[in-house]
Amino acid sequence: MSDGYLWYEGIPFVTTGFTAEVLREVRESFVFKDEDVLTVTYLKSGTNWLIEILCLIHSKGDPRWIQSVPIWERSPWVETEYGYNMLKNREGPRLISSHLPTQLIPKSLFSSKTKVLYLVRNPRDTLLSGYFFWRSSKFIKNPESLEQYFEWFIQGNVPYGSWFDHTHGWMSMKGKENVLILSYEELKQDTRSTVEKICQFLGKKLEPEELNSLLKNSSFQVMRENKMSNYSLLQGEYLDKNALITRKGISGDWKNYFTVAQAETFDKIFQEKMGDLPQELFPWE
Ligand code: A3P
């Protein structure tokens, strides 16, 4: 299509790293194993932060793995050609990431005991974070203004489609024994307790010094300096010179950018599209 996306089953994908063949094969043939841990998010929700935490749980707080292997190799994105090929041949237990909506996730997930962590974030912050990220990227049409990106986001004309549909889909998994729903806001507000909750869900126990090391090494400041996690390795070919995924790392930054009219429009749309779900799922509302 002329907008530069690869449209697959009604969802737009970027053309770099994605093909319809792989998306189809992933959906039909990728086999999730019971011992896998899957991180799912709508993009710009704090995905890489959660992955960093999971890696540090895996290494018991030892930072050597996160300092020596790029984050997309530690927990590959199953829907990308690169990630799929890497994961297919990997022995378990595997860390796996995805931004896929429920209707495109590998079918095998639904008959496995794979532990699924779904991280949700205030979509206003997700929108803002996406705006800055896509502006600095070299592989999709860059939004010219926040106003323009706001429209694209509301319409779902952004990579992986509508936040509202994505979140609806994954929230319907709430209550399943193998699914933990988390929010960026709770992770930010009380990182220690949220990490303890994650450990409990995964059946992992960290010693106090291991947990302290995890908290230090997954902090915004340390992640920002870690070239294996901050995406600086992609600068040049895929991202602008100084682009990093660790932009600001706070909740509520949208308030510094949205106009009053945009805030009101968003409130209205949120209510229309998400009003049927229990509001405690959205701690920022
Ligand atoms: P901002 O652009 O609002 O700063 P994703 O990993 O899904 O692409 O999400 C990126 C967002 O997560 C960015 O938000 C980024 O700053 C934030 N983030 C990354 N690491 C973080 C950390 N250690 N603590 C808090 N936020 C973090």
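A brief look at the structure comes next. (Residues numbered from 1 in each chain as written. Predicted model: local features only at pLDDT ≥ 70, side-chain atom pairs only at ≥ 80, totals over all residues. Heavy atoms only, no water.)

Quick notes on the pattern of salt bridges
Phase 1: One pass over the full model with this rule turns up 10 salt bridges.
Phase 2: One salt bridge in this structure joins Asp-253 and Arg-247, with 3.0 Å as the shortest N-O distance.
Phase 3: A residue is classified by how much of its surface remains accessible, and Arg-247, at 28% relative accessible area, is partly exposed.
Phase 4: Beyond isolated ion pairs, a larger network of salt bridges with shared partners links Arg-124, Asp-267 and Glu-285. (Salt bridge = Lys/Arg side-chain N within 4 Å of Asp/Glu carboxyl O. Buried < 20%, exposed > 50% of the residue type's maximum accessible area, 1.4 Å probe, protein only.)

Here's the deal with the site of the ligand
Phase 1: Inspection of the region around the ligand gives 18 residues, with Thr-47, Ser-129, Tyr-184, Lys-248 and Gly-249 positioned closest.
Phase 2: For the ligand, a nitrogen atom lies 3.4 Å from a polar atom in the side chain of Trp-49.
Phase 3: Ile-245 places a main-chain nitrogen or oxygen 3.5 Å from an oxygen atom of the ligand.
Phase 4: According to the grid-proximity analysis, the pocket containing the ligand is the largest pocket.
Phase 5: Counting only elements with at least two residues in the shell around the ligand, the list comes to helix 2 (47-58) and helix 12 (220-225).
Phase 6: Of all the elements, helix 2 adds the most residues to the shell around the ligand, at three residues. (Near = heavy atom within 4 Å. Polar contact = N/O pair within 3.5 Å; in protein donor to acceptor, adjacent residues only side chain to side chain. 1 Å grid on protein atoms, 1.4 Å probe; cavity = no way out; pocket = protein on both sides within 12 Å on 5 of 7 lines; lining within 4 Å. Sits in = over half its atoms within 2 Å of the grid points. Helix = DSSP H or I, 4+ residues; strand = E, 2+ residues; numbered from the N terminus.)

Things to note about the side chain of Ser-112
Phase 1: With respect to the helices, strands and loops of the structure, Ser-112 is situated in the loop between strand 4 (95-98) and strand 5 (115-120).
Phase 2: The buried category is assigned to Ser-112, whose relative accessible area is 10%.
Phase 3: A polar contact of 3.0 Å, which involves the side chain of Ser-112, links it to the side chain of Thr-114.
Phase 4: The residues contacting Ser-112, other than those within four sequence positions of it, are Phe-32, Asp-34 and Asn-178. (Contact = heavy atoms within 4.5 Å.)

Section: helix 5 (residues 81-88)
Phase 1: Looking only at helix 5, the buried set comprises Gly-83, Tyr-84 and Leu-87. One side of helix 5 carries all its buried residues, which in axial view fall inside an arc of 100°.
Phase 2: In this structure, the buried residues of helix 5 make contact with helix 1 (20-29) and strand 4. (Arc of directions from axis to C-beta.)

Overview of the packing of helix 1 against helix 5
Phase 1: Their axes nearest at 10 Å, the elements helix 1 and helix 5 cross at an angle of 35°. For the pair helix 1 and helix 5, the crossing hand works out as left-handed. On helix 5, the residues that touch Val-22, Glu-25, Val-26 and Ser-29 of helix 1 are Glu-81, Tyr-84 and Lys-88.
Phase 2: For the contact of helix 1 with helix 5, a count of residues per class yields three nonpolar, one polar and three charged. (Axes fitted to C-alpha atoms, helices over the stretch in contact; angles between N-to-C directions. Left-handed = near helix turned anticlockwise from the far one by under 90°. Nonpolar A, V, L, I, M, F, W, Y, C, P; charged D, E, K, R; others polar.)

Some remarks on the nonpolar core
Phase 1: If you look at the biggest cluster of nonpolar residues, it comprises 94 residues, and the most contacted ones within it are Phe-13, Leu-117, Trp-163 and Ile-198.
Phase 2: Of all the elements, helix 2 adds the most residues to this core, at eight residues.
Phase 3: Not counting chain neighbours up to four residues away, the residues in contact with Trp-163 comprise Tyr-42, Val-120, Arg-121, Pro-123, Thr-126, Phe-153, Phe-270, Met-274, Phe-282 and Trp-284. (Core = buried A, V, L, I, M, F, W, Y, C linked by side-chain atoms within 4.5 Å.)

Things to note about the state of the cysteines
Phase 1: Tallying each qualifying case throughout the model produces zero disulfides.
Phase 2: Cys-55 carries a free sulfur, and the closest cysteine sulfur to it, the one in Cys-199, is 13 Å from it.
Phase 3: Judged by relative accessible area, Cys-199 falls into the buried class, the value being 7%. (Disulfide = S-S within 2.5 Å.)

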